[in-house]
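Coordinates in review
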Amino acid sequence: MNGIICIDKPESFTSFDVIAKVRGIIGERKMGHAGTLDPMVTGVLPIFMGGATKAIGLLDDQTKSYRGSFRLGVITDTQDIWGSVIENRKVNASKDEVLYTMSQFVGKIKQVPPMFSAVRVGGQRLYALARQGVEITREPRDAEIYSVRMVSADEGSGEYTVDVDCSKGTYIRTLFSDVGQSLGCGAVMTSLRRTRSCGFCLEDCVTIGDLQKIRDEGGEFPVIPTQRAFAQLPEVTVSQAQARRFINGAPLDSCRVTTELRGRCAVFSPDGTFLGIGDNDGVTLSVVKLFVVREDTYSHDRK
């Protein structure tokens, strides 16, 4: 089975747990996911199946969107509510001060990865070291916050909910912790839900329970075509003869294909079959990755 199924990941499941569940339901062994989610985080987890797994390393749209909640005045060892409390502090910040402080983090920032994270240092996951009570120095990493929007605010309890658009590799709980530090009272994440990942949103998702019900009732699984992962790329339709050359790895003459586009594009056959990703340098349209099997009808001449 080739294509993508977007899962609304439940709480307390790792991303690998979800793949194991989906594999058991669908029966496709070749699977991979885009964008790891921590166990306590819910939301959009795209699962790539069969030949679609080749798309994971090519995804250009790495923007992530989250709805997250945090509480001021608490500091834990994990930067979230599920960790051990290190300190409680008095909160004097108003809603406007919180919003202003968060706005100061919009743009390119540096984040120190939390110890309870999947980052590897010296071949070991940080969370494995943290569980052993070991804390090591971590180098700051680049991240970018594109926007922050306040959803709800309760000054009395110090509870806030925000929508965040950010780059791949951004730690939302670290963002909340850093905001709390800037306010002088600390903060912990209390919930997090990913609402968008790699161009897919919650409306594209099904639950594991939905998949089980579909299987039990003999229905059709909601497989999203692989080309949806490249929806942000311009599309190029080639002729039948060019399609044959393309899927056999031969570069195409750019002038015979398109004179307007440069860079990567999604290449389609005349009948709308998604062939793969090409790269146009203005002279040739070369193959970056194929997503149609060579045994396809375009791999030989039609009479």
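This text follows the structure it describes.
Residues numbered from 1 in each chain as written. Predicted model: local features only at pLDDT ≥ 70, side-chain atom pairs only at ≥ 80, totals over all residues. Heavy atoms only, no water.

A few words on the packing of helix 2 (residues 95-103) against helix 4 (residues 172-183). Between helix 2 and helix 4, the least distance of the axes is 10 Å, while the angle of their chain directions is 120°. Between helix 2 and helix 4, the crossing angle belongs to the class labelled oblique. You can see that helix 2 and helix 4 cross each other, and the crossing is right-handed. Together, Glu97, Val98, Thr101 and Met102 of helix 2 and Leu175, Phe176, Val179, Ser182 and Leu183 of helix 4 make up the contact between the two elements. Split by residue class, the contact of helix 2 with helix 4 holds 6 nonpolar, 2 polar and 1 charged. (Axes fitted to C-alpha atoms, helices over the stretch in contact; angles between N-to-C directions. Helix = DSSP H or I, 4+ residues; strand = E, 2+ residues; numbered from the N terminus. Parallel < 35°, antiparallel > 145°, perpendicular 65-115°, else oblique. Left-handed = near helix turned anticlockwise from the far one by under 90°. Contact = heavy atoms within 4.5 Å. Nonpolar A, V, L, I, M, F, W, Y, C, P; charged D, E, K, R; others polar.)

Moving on to helix 5 (residues 208-216). Within helix 5, burial applies to Ile208, Leu211 and Ile214. All buried residues of helix 5 fall inside an arc of 120° around its axis, so they share one side. Exposed residues on helix 5 whose side chains face more than 90 degrees from its buried face are Lys213 and Asp216. Considering only its buried residues, helix 5 is in contact with strand 1 (3-9), helix 1 (15-26) and strand 14 (205-206). Trailing helix 5 by a residue or two, glycine 218 shows a phi angle of about 70°, which is positive. (Buried < 20%, exposed > 50% of the residue type's maximum accessible area, 1.4 Å probe, protein only. Arc of directions from axis to C-beta.)

Turning our attention to the sheet that holds strand 19 (residues 284-290). Read across the sheet, 5 strands follow the order 15-17-18-19-16 without closing on themselves; strand pairing throughout is mixed. At either margin of the open sheet sits one strand with a lone partner, and together these are strand 15 (235-237) and strand 16 (252-253). The pairing of strand 18 (residues 274-280) with strand 19 spans 5 bridges and is classified as antiparallel. From the neighbouring strand, asparagine 280 faces strand 19, where its bridge partner is leucine 285. Contacts from helix 6 (residues 240-247) reach strand 16, strand 17 (263-268), strand 18 and strand 19, with the element oriented near 80° to strand 18. (Pairing = 2+ DSSP bridges.)

Another point: the pattern of salt bridges. One pass over the full model with this rule turns up 10 salt bridges. A salt bridge links glutamate 87 to arginine 89, with the nearest nitrogen and oxygen atoms 3.1 Å apart. (Salt bridge = Lys/Arg side-chain N within 4 Å of Asp/Glu carboxyl O.)

Okay, the packing of helix 1 against helix 5 next. The N-to-C vectors of helix 1 and helix 5 enclose an angle of 10°; their axes lie 10 Å apart at closest approach. Accordingly, the angle class assigned to the pair helix 1 and helix 5 is roughly parallel. Along its contact with helix 1, which presents Lys21, Val22, Gly24, Ile25 and Ile26, the element helix 5 presents Ile208, Leu211, Gln212 and Arg215. By residue class, the composition of the contact of helix 1 with helix 5 is 5 nonpolar, 2 polar and 2 charged.

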